[in-house]
Amino acid sequence: MSGLQFTEDDLKRILYAAAGTEEEGVADGDFADTEFQLLGYESLALLETCGRIEREYGVALADHTLADALTPRLLVEAVNRYLGEQTVAATR
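Everything in this summary refers to the structure shown in the same document. Computed from a prediction, not measured in an experiment: that's the story for all the values here.

Moving on to the packing of aromatic side chains. The way to describe two aromatic rings as a pair is by their centre distance and the angle between their planes. Counted according to the given criterion, the structure contains one aromatic pair. Arranged with centres 5.1 Å apart and planes meeting at 90°, the rings of Phe6 and Tyr57 form a pair that is edge-to-face. Of this pair, Phe6 sits in the segment before helix H1 (8-19) while Tyr57 sits in helix H4 (residues 43-57); the two residues are 51 residues apart in sequence, bridging distant segments of the chain. Sitting over the face of the ring of Phe31, Lys12 holds its NZ or CZ atom 5.0 Å from the ring centroid.

Dropping the structure here:
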């Protein structure tokens, strides 16, 4: 399996860039399990975030991924599942 992992810090960097905001506001402990809507990120910023993740990490996220991943923690886990699936597929 590849050592490539998508982390919460990676998500923060991409999310802040996609939304055009500075890294401020929610404390680290609150960030992971707070719904994106409560963090102030609307659908357009999240769509841009997913697009950036796909381009940077070379994954193709399913359409339902964003709808299912309501919090940063769930999105990080989903991206890492896709990365793992791609690694398995590449070794076949």
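With that out of the way, let us pick up the pattern of salt bridges. By the definition in use, this model includes six salt bridges. Among the ionic pairs, Lys12 bridges to Glu8, the shortest N-O distance being 3.8 Å. With Lys12 and Glu8 both in helix H1 and four residues apart, this pair spans about one turn of that helix. Note that Arg52 is salt-bridged to Glu48, the shortest N-O span being 2.8 Å. In this pair, Arg52 and Glu48 are both assigned in helix H4, four residues apart and thus about one turn of the helix distant. Residue classification places Arg52 among the partly exposed positions, given a relative accessible area of 30%. According to the relative accessible area criterion, Glu48 is partly exposed, its value standing at 29%.

Cut-offs applied
Residues numbered from 1 in each chain as written. Predicted model: local features only at pLDDT ≥ 70, side-chain atom pairs only at ≥ 80, totals over all residues. Heavy atoms only, no water. Phe/Tyr/Trp six-rings, centres within 6.5 Å; stacked < 30°, edge-to-face > 60°. Helix = DSSP H or I, 4+ residues; strand = E, 2+ residues; numbered from the N terminus. Lys NZ or Arg CZ within 6 Å of the ring centre and 35° of its normal. Salt bridge = Lys/Arg side-chain N within 4 Å of Asp/Glu carboxyl O. Buried < 20%, exposed > 50% of the residue type's maximum accessible area, 1.4 Å probe, protein only.

None of the figures reported here should be taken as evidence of function without further support.
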